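Secondary and tertiary structure notes
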Amino acid sequence: MEALSRAKLQQLSDEDLMEHFQSGYEQAFNLLVERYTDRLHNFLYRYTHNHKDCEDLVQETFFRVFRSRHSYERIAKFSTWMYTIAINLAKSLYKKKKRMTTVTIHKDPDDSEDRPMELEDSNILPDDSLHEKMCMDELEKALMELSEDFREVVVLRDIQQLTYEEISEIADLPMGTVKSRINRGRAHLQELLEDHVYPGTISA
Amino acid sequence: MNLLTHLLPSYHFIMDITEFDRDEVLSEFLTDYIDGNLDDGERQSFEEYLANNEKEDNFARKAIMGKKALSRLARRFTNNPSIKEKLSSSITATDIG
């Protein structure tokens, strides 16, 4: 295949880059890495909530892409194929960690110190950056409390902004299930947030 | 055990089962409503349906608010350059190979 300048390569689609890479042109792979490193990290962070794990998983994902480049077929979007690899690695890590720990995320009702932080404070302006950060922390915490089934699909849809078709492919679920899980995941997240802000007001 | 709780192990901890769980077409409507993909007539009909079904209305409200919360989180991460800086050009084919 004809060697292309970096500028020309940058204009190519992911799938074209992958084709060049399959033909032995490693610069095309480097460009895919550049395109997707931060997106993949952000995606995995919402899934794992741990930057170190994310870095390892991003490296491992690109390693798998590198190693399995010849198994990629153009019928699938490159991003879908890559996210599938990443999500499977994240799931494996999650299972491995789950086996290694017995720590529970549930609150201890007997521990008076173990309470969600009260966010409502009339002295703090809504646009205050600290308040914003606290809200985001609560939001991330709530997201991590969602079950894996729901977290996976809401992260893919609302954070990664993938289409329902892509999510269906990645999660290997029928479209109807994807949509209903996304709706349930969002509603459950909101319940968790309400429970964090106004603890005890949500009925079981 | 209810079929839904069997299919979705954590579901019974979450909230009441609604018509959205039983009726796929209704669930599609909700998705399109939240995504803003209904035309005026469809939206009006769907809002009338919600107005007459409290449990479903409550679920839809939470789903909309949940989506808004996730959008805020997505914006925060998109605007956070630290992750990008940290990772920029840290992984190359040479590192992997």
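The structure reproduced in this document is the subject of the present report. This is a predicted model, so every value here is computed, not measured.

1. Notes on the overall build of chain A
The number of helices and strands found in chain A is 9 helices and 0 strands. In sequence order, chain A lays out its α and β elements as α-α-α-α-α-α-α-α-α. Of all 204 residues assigned to chain A, the portion counted as buried reaches 49%. When contacts within chain A are restricted to residue pairs at least 6 apart in sequence, those whose partners lie at least 24 apart make up 57%. When the accessible surface of chain A is split by element, carbon and sulfur atoms take 49% of a total near 10,800 Å².

2. Some points on the nonpolar core
Residues Leu-40, Phe-43, Leu-44, Phe-78 and Leu-189 of chain A are the most contacted members of the largest nonpolar core, which totals 60 residues. The element that contributes the greatest number of residues to this core is helix α3 (residues 26–48) of chain A, accounting for 11 residues. Summarising the domain contributions, this core has at least three residues from each of domain 1 (1–103) and domain 2 (112–204) of chain A. Those residues within four positions of Leu-189 of chain A in sequence are excluded, and the remaining contacts are Leu-139, Ala-142, Leu-143 and Leu-146 of chain A together with Gly-66, Ala-69 and Leu-70 of chain B.

3. Here we look at empty space enclosed by the protein
With the rule as written, the count across this model stands at 1 cavity of 30 Å³ or more. Taken together, Ser-180, Asn-183 and Arg-184 of chain A together with Phe-20, Asp-21, Ser-27, Leu-30 and Phe-59 of chain B form the lining of the largest cavity. Secondary structure elements with two or more residues in the lining of the largest cavity: α9 (175–197) of chain A together with α2 (19–22) and α3 (24–35) of chain B. Top element by residues in the lining of the largest cavity is α9 of chain A. It accounts for 3 residues.

4. Points about the packing of aromatic side chains
Taken as a whole, this structure holds 14 aromatic pairs over all chains when the rule is applied. Each ring, one from Tyr-72 of chain A and one from Phe-78 of chain A, has its centre 6.2 Å from the other, and the planes form 75°; the classification is edge-to-face. Taken as a pair, Tyr-72 of chain A and Phe-78 of chain A share a single burial class, namely buried. For the ring pair Tyr-33 of chain B and Phe-46 of chain B, a centre distance of 5.0 Å and an interplane angle of 55° mean the geometry is tilted. With Tyr-33 of chain B in helix α3 and Phe-46 of chain B in helix α4 (residues 40–51), the pair connects residues that are 13 residues apart, well separated along the chain. The rings of Phe-20, Phe-29, Tyr-33, Phe-46, Tyr-49 and Phe-59 of chain B are connected pair by pair, giving a single aromatic cluster. The ring of Tyr-36 of chain A has Arg-39 of chain A sitting right over it, with the charged end atom 4.4 Å from the ring centre. Directly above the aromatic system of Tyr-164 of chain A lies the positively charged group of Lys-179 of chain A, at a separation of 5.3 Å from the ring centroid.

5. What about the packing of helix α2 (residues 14–22) of chain A against α3 of chain A?
Residue and element names in this part refer to chain A. Between α2 and α3, whose axes approach to 7 Å, the crossing angle comes to 145°. Once α2 is placed against α3, the crossing between them reads as left-handed. Here Asp-14, Leu-17, Met-18, His-20 and Phe-21 of α2 lie close against α3, whose contacting residues are Glu-26, Ala-28, Phe-29, Leu-31, Leu-32, Arg-35 and Tyr-36. For the contact of α2 with α3, the class distribution of residues is 8 nonpolar, 1 polar and 3 charged.

6. What to know about the side chain of Asp-158 of chain A
Among the secondary structure elements, Asp-158 of chain A is positioned in helix α7 (residues 148–159). Here the side chain of Asp-158 of chain A touches Arg-186 of chain A through a polar contact of 2.8 Å, side chain to side chain. Discounting chain neighbours no more than four positions away, the residues touching Asp-158 of chain A are Arg-186 of chain A together with Lys-67, Leu-70 and Ala-74 of chain B.

Quick notes on the rules
Residues numbered from 1 in each chain as written. Chains lettered and ligands numbered in written order. Predicted model: local features only at pLDDT ≥ 70, side-chain atom pairs only at ≥ 80, totals over all residues. Heavy atoms only, no water. Helix = DSSP H or I, 4+ residues; strand = E, 2+ residues; numbered from the N terminus. Buried < 20%, exposed > 50% of the residue type's maximum accessible area, 1.4 Å probe, protein only. Contact = heavy atoms within 4.5 Å. Areas by Shrake-Rupley, 256 points an atom, 1.4 Å probe, with all protein chains shown as cover. Core = buried A, V, L, I, M, F, W, Y, C linked by side-chain atoms within 4.5 Å. Domains from an automatic or database assignment. 1 Å grid on protein atoms, 1.4 Å probe; cavity = no way out; pocket = protein on both sides within 12 Å on 5 of 7 lines; lining within 4 Å. Points joined across faces, edges and corners; volume = space filled by probe spheres on them. Phe/Tyr/Trp six-rings, centres within 6.5 Å; stacked < 30°, edge-to-face > 60°. Lys NZ or Arg CZ within 6 Å of the ring centre and 35° of its normal. Axes fitted to C-alpha atoms, helices over the stretch in contact; angles between N-to-C directions. Left-handed = near helix turned anticlockwise from the far one by under 90°. Nonpolar A, V, L, I, M, F, W, Y, C, P; charged D, E, K, R; others polar. Polar contact = N/O pair within 3.5 Å; in protein donor to acceptor, adjacent residues only side chain to side chain.

Remember, this is a structural readout, not a statement about activity or role.
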